[in-house]
Amino acid sequence: MEAVVSSGRPGTVLTFTMTAYAVMENNKHGLFTVFLLLYLIILTLNTLLITVIHQNKELHQPMNVFTCMLSVNEMYGTTALLPAVMALLMSDTHETSVKWCLAQVYFLHTYGCAEFFILAVMGYDRYVAICHPLHYHSIMSYSKISKLVALASLYPLILFACFYALTLNLSFCGKVVPKLYCVNMEVVKNSCSSVPYISIVGLVLIVFLIVPQLVMIVFSYMQIARVCGKLLRESRGSALKTCIPHIVSLLNYTIGSLFEVIQTRFNMNHVAVDARIFLSLYFIIIPSVANPVLYGLGTQTVRNSLYVQCMLMSLA
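Sequence order sets the numbering: in each chain, residues are counted from 1 along the sequence as written. With pLDDT at 70 or above as the cut-off, local features in this predicted model cover only qualifying residues; side-chain atom pairs require 80 or more to be listed or tallied, and sums for whole chains, interfaces and linings still use all residues. The side-chain numbers reported here are obtained from all heavy atoms of the structure, hydrogens and water having been left aside.

Per an unreviewed UniProt entry, the chain is named Olfactory receptor, and its organism is Labrus bergylta. UniProt positions are given in the numbering used here, feature names are shortened, and annotations may be inferred rather than shown by experiment. The UniProt entry for the chain carries this comment under Subcellular location (unreviewed entry): "Cell membrane". The Sequence similarities (unreviewed entry) field of the UniProt record for the chain holds the comment "Belongs to the G-protein coupled receptor 1 family."

Structure (structure tokens):
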């Protein structure tokens, strides 16, 4: 396949071909409908959850602030993914511009980094609420919440941008990306020169993007387990119940992320194509649908407010 080259940088392609779409060609209209419905469902569920929390002052608690952050991030990630997937699905060539591909890499990777960071902060919030209930509001002050929100928002954006500058300086001679969307390592494989240092720096970056958050989560749940062990059975059940949505969200996202990392770093040709496509979409789509349901229907105060909100809408 002959590469289209730019006039400004000889040898550099202008587009990448997303080869994963070839196996979806016969069912593209049905899949387009599924992706469109999923996108609308994700936007609706997350917007509804944010609206309910915003309009009810009794829900203006630290945990719900972080829940809103999670919903905003879900919409950010799915907007970077699904509209582009639908557009490429319906195109004849399944090609995307290098500029958009590079932008999508940044959007999707920062979504993933922010998601884990927000979940770590939510774990810390549960630790304070269960282990230090009498001092909860003094510890989780407005100032501290603002700092945690800023840290969870800016840390992934800035840290990944520093690493991503290495990719932006590359010239691309290959033009094949064997996925439905652009990810950094697949883009780097199309570089005109061998750049093994990017993979090494990427692995180091993962340490900074995962280890601090992982330590925070493990510490939080170790302390929660210690305190719950001293509580009466009824109190223990009540305390653990508040952790269930967070634990499910954390496991769900971790499983999806592991699928994506394994697919990117290792040869997965022995796995059926349909399975690889599903697993590649898991880490964004499944959490984006499940999380607003978990925090909307799984939290009693939010569930009650949501019920009232729906009743008022039906009467309007």
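S.K.: Can you help me understand the overall build of the chain in this one?
M.R.: For the chain, the count of helices and strands is eleven helices and three strands. Strands here are runs of E lasting at least two residues and helices are runs of H or I lasting at least four, both read from the DSSP assignment and numbered beginning at the N terminus. Taken from the N to the C terminus, the helices and strands of the chain come in the order β-α-α-β-α-α-α-β-α-α-α-α-α-α. It is over C-alpha atoms that the radius of gyration is taken, and the globule rule equals 2.2 Å times the number of residues to the power 0.38. Rg of the C-alpha trace for the chain: 22 Å, near the compact-globule value of 20 Å for 316 residues, within the 12% margin. Considering the chain as a whole, with its 316 residues, one finds that 46% of them fall into the buried category. Any pair of residues with heavy atoms lying within 4.5 Å of one another is described as a contacting pair. Of the contacts formed within the chain by residues at least 6 apart in sequence, a portion of 78% connects residues at least 24 apart. For the area figures, the Shrake-Rupley method with a 1.4 Å probe applies, and any residue is considered shielded solely by the protein chains shown. For the chain, the computed accessible surface area is about 16,000 Å², with 70% contributed by carbon and sulfur atoms. Charge counting follows a simple rule: Lys and Arg are positive, Asp and Glu are negative, and His as well as the terminal groups are ignored. By convention, the point assigned to a charge is CZ for Arg, NZ for Lys, CD for Glu and CG for Asp. In the chain, 18 side chains carry a positive charge and 12 a negative one; their mean positions are 13 Å apart. Exposed residues in this analysis have more than 50% of their type's maximum accessible area, buried residues have under 20%, and partly exposed residues fall in between, with area computed by a 1.4 Å probe over protein chains only.

S.K.: Where do I start with the state of the cysteines in this structure?
M.R.: Two cysteine sulfurs form a disulfide in these notes if their separation is within 2.5 Å. In total, this model carries two disulfides according to the counting rule given. What pairs with C101 in a disulfide is C182, and their sulfur atoms sit 1.8 Å apart. Measuring handedness by torsion sign, the sulfur bridge of C101 and C182 sits at about -115° and is left-handed. Of this pair, C101 sits in helix α3 (residues 98-131) while C182 sits in the loop between β3 (176-177) and α6 (184-188); the two residues are 81 residues apart in sequence, bridging distant segments of the chain. You can call C101 buried: its relative accessible area is 0%. By relative accessible area, C182 is classed as buried at 0%. The partner cysteine of C173 in its disulfide is C192, sulfur to sulfur 1.9 Å. Handedness of the C173-C192 disulfide follows from its S-S torsion of about 100°: it is right-handed. In this pair, C173 is assigned in the loop between α5 (142-168) and β3 and C192 in the loop between α6 and α7 (196-228), connecting sequence segments 19 residues apart. Numbered in order of appearance, the disulfide-bonded cysteines of the chain are paired 1-3, 2-4. There is no disulfide at C113, and the cysteine sulfur nearest it, in C162, is 12 Å away.

S.K.: What's the story with helix α1 (residues 28-55) in this structure? I'm lost.
M.R.: For the α-helix, the turn length of 3.6 residues means that residues three or four positions removed from each other point alike. Here the expected span of a helix is defined as 1.5 Å times the quantity of residues minus one. When the terminal C-alpha atoms of α1 are compared, their 40 Å separation across 28 residues agrees well with the 40 Å that a helix rising 1.5 Å per residue should span. Restricting attention to buried positions, one finds in α1 the residues K28, F35, Y39, I42, N46, L49, V52 and I53.

S.K.: Just checking my understanding: could you explain the UniProt feature "transmembrane region" (unreviewed entry) in the chain for this structure?
M.R.: When the UniProt feature table is mapped onto this chain numbering, "transmembrane region" (unreviewed entry) sits at residues 31-53, 65-90, 102-124, 145-166, 197-222, 243-262 and 277-297. Between the C-alpha atoms that bound residues 197-222 the distance is 37 Å, and the span itself is 100% helix and 0% strand.

S.K.: Please clarify how the packing of α3 against helix α10 (residues 273-297) should be interpreted in this entry.
M.R.: Relative orientation and spacing of two packed helices are given, respectively, by the angle between their axes and the distance between those axes. Orientation of α3 relative to α10, taken along the N-to-C sense of each, is 30°, at an axis distance of 12 Å. In terms of axis orientation, α3 runs roughly parallel to α10. The element α3 and its partner α10 pack so that their crossing is left-handed. Contact residues: α3 offers L108, Y111, E115, L119 and M122, while α10 offers F283, I284, P287, S288, N291 and Y295. Structural elements are reduced to axes, namely lines fitted to C-alpha atoms, with helices fitted over the stretch in contact, and the angle between N-to-C directions of any two is expressed from 0 to 180 degrees. For classification, angles of less than 35 degrees are called roughly parallel, those exceeding 145 degrees roughly antiparallel, those between 65 and 115 degrees roughly perpendicular, and all remaining angles oblique. Two helices cross in a left-handed way if the nearer one is turned anticlockwise from the farther one by less than a right angle. They cross in a right-handed way if the turn is clockwise.

S.K.: So what exactly am I meant to see when it comes to the pairing of strand β1 (residues 15-18) here?
M.R.: Remember that side chains alternate between the two faces of the sheet whenever the strand is regular. The alternating pattern of β1 places T15 and T17 on one face and F16 and M18 on the opposite face, and all of these are buried. When DSSP finds two or more bridges between two strands, those strands count as paired. Pairing between β1 and strand β2 (residues 95-97): three bridges, direction antiparallel. In the sheet register, T17 faces β2, and the bridge partner there is E95. Pairing between β1 and β3: two bridges, direction parallel. Paired with T17 across the strands is V176, a residue of β3.

S.K.: Help me understand the pattern of salt bridges, please; the structure alone is not making it clear to me.
M.R.: Side-chain pairs of opposite charge can arise whenever the charged atoms involved come near each other. The salt bridge definition used is simple: a Lys or Arg side-chain nitrogen within 4 Å of an Asp or Glu carboxyl oxygen. For the structure on display, the rule yields four salt bridges. Put simply, R126 and D125 hold a salt bridge, and the shortest N to O gap is 2.8 Å. The same class applies to R126 and to D125, which are both buried. Between E186 and K189 there is a salt bridge, with the nearest N and O atoms lying 3.4 Å from each other. On the accessibility criterion, E186 (7% relative accessible area) is buried.

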